[in-house]
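Per-entry structural report
As a plain string of letters, each chain reads:
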Amino acid sequence: MALKGDPHVLIVAGSDSSGGAGIARDIEAVSAVGLRTCLAVTAVTVQMHHSVDHIEYIAPDLVAAQMRAALVSNTIAAIKVGMLGMMGTVEAVASVLLEHPSVPVVLDPVLASSSGRLLLAQEAIDTMKTDLMPLCRLVTPNLPELAILAGTLRAGDESEAFDQGRSLLNSGLRAVLIKGGHSAGPNSTDILLCPGKNPIRFDAPRLAGEMRGTGCMLASAIAAHLARGKALEDCVRSAKRYVFDRYRQLA
């Protein structure tokens, strides 16, 4: 029970029956920072580590009702938004966020699963860009997601990725973290872009093998550190270190 008003992170995302991504990873990451979570489930999936067999989306008004119930019940110090799936859900989540403008939001724009299945309807992408992303403290696309959001081909090098990120930032966003997990080379480099500031790079050695759930955990850990009142740059640095250490243990 949240009797003492302990700060919580509200997770708005889908479930993953394999436990490899989604809400299961979100809770793990927030707990590692020492905070509690509350939930608004957007979708229930039937999936394994290499395939998604079925997705059942939760009605948008029910997603919004879950969010409002969590916000009334707990002291919400940050919100992490992940898989949404439908335009109605994007609109519903944005409507709730507009009611709580002081709560920092981290958006992991989940557009497709690691196995390649589309997780956000095509018609919802423009709505996400215009109605949801400007409400967020940080948006964290990987390279394929960045290309879709920027309306271009996937970046072939860091310079192209930087240009795509800048185009998003110039559309009215507060900050963009370009994740480098899909790039090549010995390091996985993330780049933080903020208006009027020089880009900040976060490097980590690239781990061998396929990794699932890294984006979920990174965004959730950043949200948890924002809930602690840390500066955005420090949040990203701490979260990236946590995700790297966690997956090095699993590798």
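So, how was this worked out
- Residues numbered from 1 in each chain as written.
- Predicted model: local features only at pLDDT ≥ 70, side-chain atom pairs only at ≥ 80, totals over all residues.
- Heavy atoms only, no water.
- Axes fitted to C-alpha atoms, helices over the stretch in contact; angles between N-to-C directions.
- Helix = DSSP H or I, 4+ residues; strand = E, 2+ residues; numbered from the N terminus.
- Parallel < 35°, antiparallel > 145°, perpendicular 65-115°, else oblique.
- Left-handed = near helix turned anticlockwise from the far one by under 90°.
- Contact = heavy atoms within 4.5 Å.
- Nonpolar A, V, L, I, M, F, W, Y, C, P; charged D, E, K, R; others polar.
- Buried < 20%, exposed > 50% of the residue type's maximum accessible area, 1.4 Å probe, protein only.
- Pairing = 2+ DSSP bridges.
- Right-handed = clockwise from strand over helix to strand, strands pointing away.
- Core = buried A, V, L, I, M, F, W, Y, C linked by side-chain atoms within 4.5 Å.
- Expected span 1.5 Å × (residues − 1).
- Arc of directions from axis to C-beta.
- Polar contact = N/O pair within 3.5 Å; in protein donor to acceptor, adjacent residues only side chain to side chain.
- Salt bridge = Lys/Arg side-chain N within 4 Å of Asp/Glu carboxyl O.

**Side note on the packing of helix 2 (residues 60-73) against helix 3 (residues 87-98)**
For the pair helix 2 and helix 3, interaxial distance at closest approach is 8 Å and the crossing angle is 25°. Overall, the two elements helix 2 and helix 3 adopt an arrangement that is roughly parallel. The crossing of helix 2 and helix 3 is right-handed. Residues Pro60, Val63, Ala64, Met67, Arg68 and Leu71 of helix 2 form the contact with helix 3, whose own contacting residues are Gly88, Thr89, Ala92, Val93, Ser95, Val96 and Leu97. The residue inventory of the contact of helix 2 with helix 3, partitioned by class, reads nine nonpolar, three polar and one charged.

**Remarks on the pairing of strand 1 (residues 7-13)**
Most of strand 1 is tucked away: six of the seven residues are buried. In the sheet, strand 1 pairs with strand 5 (residues 75-81) via six bridges, with the strands oriented parallel. Each residue of the ladder has a partner; that of Leu10, found in strand 5, is Ile79. One ladder, built from six bridges, connects strand 1 with strand 2 (residues 36-41); its direction is parallel. Residue pairing across strands places His8 opposite Arg36, the latter belonging to strand 2. Between strand 1 and its parallel partner strand 2, the chain crosses via helix 1 (residues 23-33), and the hand of that crossover is right-handed.

**Thoughts on the nonpolar core**
Here is a general trend for soluble globular proteins: nonpolar side chains tend to be buried in one another's company. By size, the foremost hydrophobic cluster in this structure holds 44 residues, and its most contacted members are Leu10, Val12, Met67, Ile79, Leu84, Val93 and Leu132. At six residues, helix 3 tops the list of elements feeding residues into this core. What Val12 contacts, discounting residues up to four positions off in sequence, is Ala40, Thr42, Val63, Met67, Ile79, Lys80, Val81, Gly82, Met83, Leu84 and Val93. Of all hydrophobic cores here, the second largest spans 32 residues; its members include Val9, Ala175, Ala223 and Tyr242.

**Remarks on the pairing of strand 5**
Summarising burial for strand 5: six of the seven residues are buried, a large majority. As paired elements, strand 5 and strand 6 (residues 105-107) share three bridges and run parallel to each other. Paired with Val81 across the bridge in strand 6 is Leu107. Taken together, strand 5, helix 3 and strand 6 constitute a β-α-β crossover, and its handedness is right-handed.

**Quick look at helix 2**
The terminal C-alpha atoms of helix 2, which comprises 14 residues, lie 20 Å apart, in line with the 20 Å expected from a rise of 1.5 Å per residue. Turning to helix 2, its buried residues are Val63, Ala64, Met67, Ala70 and Leu71. Here the buried residues of helix 2 occupy an arc of 125° about the axis, which is enough to place them on one side. Along helix 2, the residues that are exposed and aim more than 90 degrees away from the buried face are Asp61, Val72 and Ser73.

**Comments concerning the environment of Arg68**
Among the structural elements, Arg68 can be located in helix 2. Here the alpha-carbon distance between Arg68 and Val96, two residues 28 residues apart in the chain, equals 7.1 Å. A distance of 2.6 Å separates polar atoms of two side chains, one belonging to Arg68 and the other to Glu99.

**A word on the pattern of salt bridges**
In this structure the tally under the stated criterion is 10 salt bridges. For the salt bridge of Arg246 with Glu28, the shortest nitrogen-to-oxygen distance reads 2.4 Å. Taken as a pair, Arg246 in helix 8 (residues 232-250) and Glu28 in helix 1 lie far apart in primary sequence, 218 residues in all. When its relative accessible area of 23% is taken as the criterion, Glu28 is described as partly exposed. Close ionic contact of Arg201 with Asp203 constitutes a salt bridge, the shortest N to O distance being 3.9 Å. On the basis of relative accessible area, Arg201 is assigned to the partly exposed category, the value being 43%. The network of salt bridges with shared partners includes Arg25, Glu28 and Arg246.

**Quick notes on the packing of helix 5 (residues 143-150) against helix 6 (residues 158-169)**
Put simply, helix 5 and helix 6 touch, their axes get as near as 9 Å, and they point 50° apart. The orientation of helix 5 relative to helix 6 falls into the category oblique. Considering the relative orientation of helix 5 and helix 6, their crossing is left-handed. Residues Leu143, Leu146, Ala147, Leu149 and Ala150 of helix 5 touch helix 6, and the partners they reach there are Ala161, Gln164, Gly165, Ser167 and Leu168. Residue classes in the contact of helix 5 with helix 6 are distributed as seven nonpolar, three polar and no charged.

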